[in-house]
Amino acid sequence: MATPNVDPNTNEKARGGHERLDSGLGEEDVERHALSLRGRALTASLAFVAGTGFTLFGYDQGVMSALLTAGQFEKVFPQVVVDASHPNHATLQSFVVAVYEIGCLIGALSNLWLGDRLGRRMTIVVGGCIMVVGAILQTTSYSYAQLVVARIITGLGNGLNTSTVPSYHAECSPAAKRGSLIMIEGSLITFGIMISCWIDFALYWAFGSSAQWRVPIALQIVLALVMIFGIGFLPESPRWLVKHGRHAEAAAVISALDDKPFSDPEVQRTFHAIREAVAIEEGSQGLYANKEAARSRSQLRELFTGGRSQNFRRASLGVINQCFQQITGINLITYYATLLFQRLGLSDVTSRIIAAANGTEYFLASLIAIFLIDRVGRRKLMLFGAVGQCLTMVLLAVLGSIKGSGAQVVSAVLLFVFNSFFAVGWLGMTWLYPAEIVGLRIRAPANALSTASNWIFNFMVVMVTGPSFNNISWGTYIVFAALNAFIVPIVYLFFPETAGRSLEDMDVIFALAYSEGVSPVAVSLRKDIPPAGSPEADRILGIQSSGTASGRDSGEQT
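Residues numbered from 1 in each chain as written. Predicted model: local features only at pLDDT ≥ 70, side-chain atom pairs only at ≥ 80, totals over all residues. Heavy atoms only, no water.

Draft legend 1. Looking closely at the layout of surface pockets. Size it by volume and the second largest pocket reaches roughly 410 Å³. The wall of the second largest pocket is formed by 18 residues, among which Arg-343, Leu-344, Gly-400, Ser-473 and Trp-474 lie closest to the centre. Considering each element in turn, the lining of the second largest pocket owes the most residues, four residues, to helix 21 (residues 405-425). Split by residue class, the lining of the second largest pocket holds ten nonpolar, six polar and two charged. (1 Å grid on protein atoms, 1.4 Å probe; cavity = no way out; pocket = protein on both sides within 12 Å on 5 of 7 lines; lining within 4 Å. Points joined across faces, edges and corners; volume = space filled by probe spheres on them. Helix = DSSP H or I, 4+ residues; strand = E, 2+ residues; numbered from the N terminus. Nonpolar A, V, L, I, M, F, W, Y, C, P; charged D, E, K, R; others polar.)

Here's what the structure looks like:
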């Protein structure tokens, strides 16, 4: 969009409460891009579509749990049957489950190149379409090889979605509600797991038909189609729009999200904070600098930079955060719940009922985090979850070494307890925190890498679980107890608090920590940090206050 010339002598109004009127956009420019959905209706629509994507993610994770021991599934895919005569099938069984993560990894990594080119909305559409194709191929599978390929394709689409949806939703959410809104997505992952467990149980009774496993797999297509069509009614991320020079559209989206006119001081402040973040990260003092030249620079290279932006540190935190979620051991239960309960001596039917109940309790426990995340903060919940998970794994190991029905009953209960700690501390956290902690310039590639980290370690955990239980039995729980214990000091020492901060405020926190030579953790816990877009924040970020207006205007001349 061509930018109008602006008189360099035009003064911005002094901002009471950080107000700054825009010098390059008029109200009429913004009105041309006005949205029909505004305020709560728009926020609810964003939450619904993003939530559908995560319900699909959860459904796809949970659906295989009970199918692995379904009679019709074993008939078509005998490679998943583990018994005394086929002990090597434990690896094949784990592989057909874990190979989905390989597809997710490829999808997440492809977002390094696709994410900022296609935009958030189009990437989600592409990911959804690929998932539909993969689900169709899984449903029509008649050989182990076809099922493996189909699960890789489905994972490819899911990898694109899971590395895009959190960023998209975070970029379209106000700071005060961002945590709870994205925690709802975490809860919807467990909602997807829950409904997959009950659908698997309902179809378990179709003993004489392959519908016993084909229908549960096919139903994910419905969720994918809802997501694909729903995204068409939503706007693009305002931060992506600013990054690509579409300022009037971005202003219209911010105005619609706040349900206020563009002239409102808070809308102006948010718009200017985003523009300044883009300008800083593109290495320009002019907010309308040459975007094509800026985009030609390698974003991958920028992931490894330090200085005020602290890009490498911030991207690393996102990657480690996603890794930590997986090494807690949650997918021992998510992917193998039915098998775990059968190992405890429960019957085929009872193990399926308990697994479905486990999924239901998992969903209910996840709702707690929605109300705590913005009140308690990110760090405290992560620490609480890791400590509780560690203790639960220790108890599971102790009880696993004891013979008897009493120990088995308590072990079954502890699997519910572990889910509860994880749901509160880590379930939605790793889809929220990596999107919050990085700057706009590297958000798409950084989230692609952090999501790839999730899938790499997800694959590792799911792949080794079957052989591990076959070889060291309850010792598997000791391994995960140690990993959870390792998480605690790392989170305490290195993970800054992001609660109550805008995405641009995190740029200020890291820049101030760099300037003062202190830990970003300590700075993030301070109450005197100026908000992004204010003159004080501009100075911290390296924008010269005295030349801000003139530099901005000179950059706008075409």
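Draft legend 2. Fine view of the nonpolar core. Judged by nonpolar contacts, the single largest core of 142 residues is most densely connected at Phe-73 and Tyr-477. With nine residues, helix 18 (residues 330-343) is the single largest residue contributor to this core. When sequence neighbours within four positions are dropped, the list of residues in contact with Phe-73 reads Met-64, Leu-67, Leu-68, Val-80, Leu-147, Gln-212 and Trp-213. (Core = buried A, V, L, I, M, F, W, Y, C linked by side-chain atoms within 4.5 Å. Buried < 20%, exposed > 50% of the residue type's maximum accessible area, 1.4 Å probe, protein only. Contact = heavy atoms within 4.5 Å.)

Draft legend 3. Representation of the side chain of Arg-239. Looking at where Arg-239 falls in the secondary structure, it is placed in helix 12 (residues 238-243). When near neighbours in sequence (up to four residues on either side) are disregarded, Arg-239 contacts Glu-171, Ile-274, Leu-440, Arg-443, Leu-503 and Glu-504.

Draft legend 4. Main features of the environment of Ala-435. As for its position among the elements, Ala-435 is in helix 22 (residues 429-437). Put simply, Ala-435 and Ala-170 are 265 residues apart on the chain and 6.7 Å apart in space, counted from C-alpha to C-alpha. For Ala-435, the residues in contact, after removing those within four places along its chain, are Pro-166, Ser-167, Ala-170, Arg-443, Asn-447 and Leu-503.

Draft legend 5. Seen up close, a nonpolar patch on the surface. On the surface, a nonpolar cluster with roughly 400 Å² of combined accessible area is contributed by Phe-48, Val-215, Leu-219, Val-222 and Val-226. Relative to the helices and strands, Phe-48 is located in helix 2 (residues 39-62). (Patch = residues over 30% accessible without salt bridge, like charges linked within 9 Å, V, L, I, M, F, W, Y side chains within 5 Å. Areas by Shrake-Rupley, 256 points an atom, 1.4 Å probe, with all protein chains shown as cover. Salt bridge = Lys/Arg side-chain N within 4 Å of Asp/Glu carboxyl O.)

Draft legend 6. The packing of helix 5 (residues 89-118) against helix 18, seen in detail. For the pair helix 5 and helix 18, interaxial distance at closest approach is 12 Å and the crossing angle is 160°. As far as their axial angle goes, helix 18 and helix 5 are roughly antiparallel. Crossing geometry of helix 5 relative to helix 18 is assigned as right-handed. Of helix 18, the residues touching helix 5 (which contributes Gln-93, Ser-94, Val-97, Tyr-100 and Glu-101) are Tyr-335, Tyr-336 and Leu-339. Tallied by class, residues from the contact of helix 5 with helix 18 come to five nonpolar, two polar and one charged. (Axes fitted to C-alpha atoms, helices over the stretch in contact; angles between N-to-C directions. Parallel < 35°, antiparallel > 145°, perpendicular 65-115°, else oblique. Left-handed = near helix turned anticlockwise from the far one by under 90°.)

Draft legend 7. Spatial organisation of empty space enclosed by the protein. Enumeration according to the criterion identifies nine cavities of 30 Å³ or more in this entry. Computed from the structure, the largest cavity encloses a volume of approximately 100 Å³. Along the wall of the largest cavity there are 13 residues; nearest its centre are Gln-61, Gln-325, Gln-326, Phe-422 and Leu-427. Of all the elements in the fold, those that place two or more residues in the lining of the largest cavity are helix 2, helix 17 (311-327) and helix 18. If one sorts the elements of the lining of the largest cavity by residue count, helix 18 sits on top with three residues. Split into classes, the residues belonging to the lining of the largest cavity amount to seven nonpolar, six polar and no charged. Looking at the second largest cavity, the residues that line it are Gly-62, Ser-65, Ile-193, Cys-197, Ile-333, Thr-334, Ala-337, Ala-355, Asn-358, Gly-359, Tyr-362 and Asn-419. Residue assignment for the lining of the second largest cavity shows that the elements contributing at least two residues are helix 9 (175-204), helix 18 and helix 19 (348-376). Top element by residues in the lining of the second largest cavity is helix 19. It accounts for four residues.

Draft legend 8. Local environment of helix 17. Taking 1.5 Å of rise per residue, the 17 residues of helix 17 would be expected to cover 24 Å, and the 25 Å separating its terminal C-alpha atoms lies within 8% of that figure. Of all 17 residues that make up helix 17, 13 are buried, and the element is covered over most of its length. Positioned one or two residues after helix 17, Gly-329 has a phi angle of 100°, which is positive. (Expected span 1.5 Å × (residues − 1).)

Draft legend 9. Spotlight on helix 23 (residues 443-472). Its 30 residues give helix 23 an end-to-end C-alpha distance of 41 Å, which sits within 8% of 44 Å, the value for a rise of 1.5 Å per residue. At Thr-465, helix 23 shows its largest kink, close to 40°, and the proline Pro-467 lies no more than four residues downstream. Downstream of helix 23 by one or two residues, Ser-473 has phi in the positive range, about 50°. (Bend = angle between axes of the 7 residues up to and from the residue.)

Draft legend 10. Just the confidence of the model for the chain, in detail. For the chain, the average pLDDT comes to 84, and 88% of its residues sit at 70 or higher. Confidence drops under a pLDDT of 50 for residues 1-23, and excluding neighbours within four residues, the segment shows 55 contacts in the predicted structure. Segment residues 545-558 is flagged for pLDDT under 50; beyond a separation of four residues in sequence, or across chains, it makes 35 contacts in the model. (pLDDT = per-residue confidence, 0-100.)

Draft legend 11. Region of interest: the side chain of Thr-162. With respect to the helices, strands and loops of the structure, Thr-162 is situated in helix 7 (residues 144-162). A polar contact is formed between the side chain of Thr-162 and the backbone oxygen of Gly-159, at a distance of 3.5 Å. Not counting residues up to four positions away in its chain, the partners in contact with Thr-162 are Phe-57, Trp-431, Thr-451 and Trp-455. (Polar contact = N/O pair within 3.5 Å; in protein donor to acceptor, adjacent residues only side chain to side chain.)

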